[in-house]
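Understanding the architecture of this molecule
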Amino acid sequence: MQINELIGFLNKLYPPQFQESYDNSGLLISRDNNEISKALLTLDITPEVMDEAIEVNADLIIAHHPVIFKPLKKIHHKSPVEKIIRKALAHDIAIYSAHTNMDSARGGTNDKLCELLNLKNCEVLSPIKDYLYKLVVFVPEAQANDVRQAIFDAGAGTIGEYDSCSYNLEGKGSFRAGDNTDPYVGEKGKLHFEAETRVETIVPKHLLQQSIDNMKAAHPYEEVAYDVYPLANNFEAAGLGRIGILENPMSQEEFLKLVKAQLSADHLRFSGTAKKISKVALCSGSGSSLARAAATQKADAYISADFKYHEFQDAAEHLLVIDAGHYDTEKFVKDIFYQHITEKFPKFALYLSKVNTNPINLY
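Note that the structure is a prediction, hence the values are computed from the model and not measured.

**Observations regarding the overall build of the protein**
Of the regular secondary structure elements, the protein holds 11 helices and 15 strands. With the principal axes as the frame, the protein shows a C-alpha extent of 85 × 55 × 40 Å. Looking at the 363 residues of the protein, the share that counts as buried comes to 48%. When contacts within the protein are restricted to residue pairs at least 6 apart in sequence, long-range pairs at least 24 apart make up 73% of them. Across the protein, the centroid of the 38 positively charged side chains sits 5 Å from that of the 49 negatively charged ones.

Have a look at this one:
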């Protein structure tokens, strides 16, 4: 298929707008030939993974961690990143990354962690801020249903488990058509009043433009009157980390054994104590900054990675803190990619990398 078809699908699953400001997700290296027949799935892209992609004749590498993370001022052949880029270009292999946008999206890394630990009633630990908009449009009463449905078809109007949410108010709109117009109602040069419906609904940022486009396409007027307002509400449907409930409360020792077994972790670092573990917060990868949010939401335990010494001290005052390792909290991304892509494109060839990219060894 065409590479844009697959990338478009992945971008719908993990909207690029979800990524953190410091991140660099998306199609990082394109290829001259837009046709693709095989993709290699991996957590990281190392020189060994790049060689693996060449060996299996992959046209595309889909990774979690972006190979280009910091700005590049030059490309030689000294650093691992430079070697990877040069080989990708030489062999016409595209590289795509879904990083913090995948962490924040439903069905991404954090939801997978919840699934592995069998947590119930999981909610977003740190919802995305400044992401919601209110879309308001004024439309003739007779066409209000069509315009409203067009907006809903773009994905707008969802609040929690409810969809097709809107507020509608009847009123009168006025306008006078100019000489170079072709008015749907009214006459040129004459002030006209029309019975109209004010339709307003909520829209997340990544669906805003499509909602506006759908609304305009369904609207009968030449010039559509509409407003877009930014909202201070949190976008509860996406964000970093999750918090949920264990089906059966367990002791600290039992819980540590569960985490280690379910993540197939070589080791766990932990600090703090909890008599019983029931409410659990987590964040895949480096999530020490969310320990305070976990404590505020009354979690008994918080699982993440890359905690520093004093971060352990501070967080452990409030809850059991478990550092399960960056690699072990994210190594299953290959399975997530595989599941989603094969459900949509069952005949597309996927190859799961066999390279262990964990840079940390234990003695």
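**Things to note about the nonpolar core**
By size, the foremost hydrophobic cluster in this structure holds 55 residues, and its most contacted members are Leu6, Leu60, Ile62, Phe255, Ile303, Phe337 and Ile341. Here this core gets five residues from one element, more than from any other, and that element is helix α1 (residues 3-13). By size, the runner-up hydrophobic cluster in this structure holds 18 residues, among which are Leu28, Ile29, Ile61 and Ile84.

**A few points about the pairing of strand β14 (residues 320-323)**
The alternating pattern of β14 places Leu320 and Ile322 and Val321 and Asp323 on opposite faces, both of which are buried. Pairing geometry for strand β11 (residues 269-271) and β14, over three bridges, is antiparallel. Of the residues in β14, the one forming a bridge with Arg269 is Asp323. Across four bridges, strand β13 (residues 301-305) lies against β14 in parallel orientation. Looking at β14, one finds that Tyr302 is bridged to Val321. Following the chain from β13 across helix α10 (residues 309-316) to the adjacent parallel β14, one finds a crossover that is right-handed.

How each quantity is defined
Residues numbered from 1 in each chain as written. Predicted model: local features only at pLDDT ≥ 70, side-chain atom pairs only at ≥ 80, totals over all residues. Heavy atoms only, no water. Helix = DSSP H or I, 4+ residues; strand = E, 2+ residues; numbered from the N terminus. Buried < 20%, exposed > 50% of the residue type's maximum accessible area, 1.4 Å probe, protein only. Contact = heavy atoms within 4.5 Å. Lys, Arg positive; Asp, Glu negative; His and termini not counted. Charge placed at Lys NZ, Arg CZ, Asp CG, Glu CD. Core = buried A, V, L, I, M, F, W, Y, C linked by side-chain atoms within 4.5 Å. Pairing = 2+ DSSP bridges. Right-handed = clockwise from strand over helix to strand, strands pointing away.

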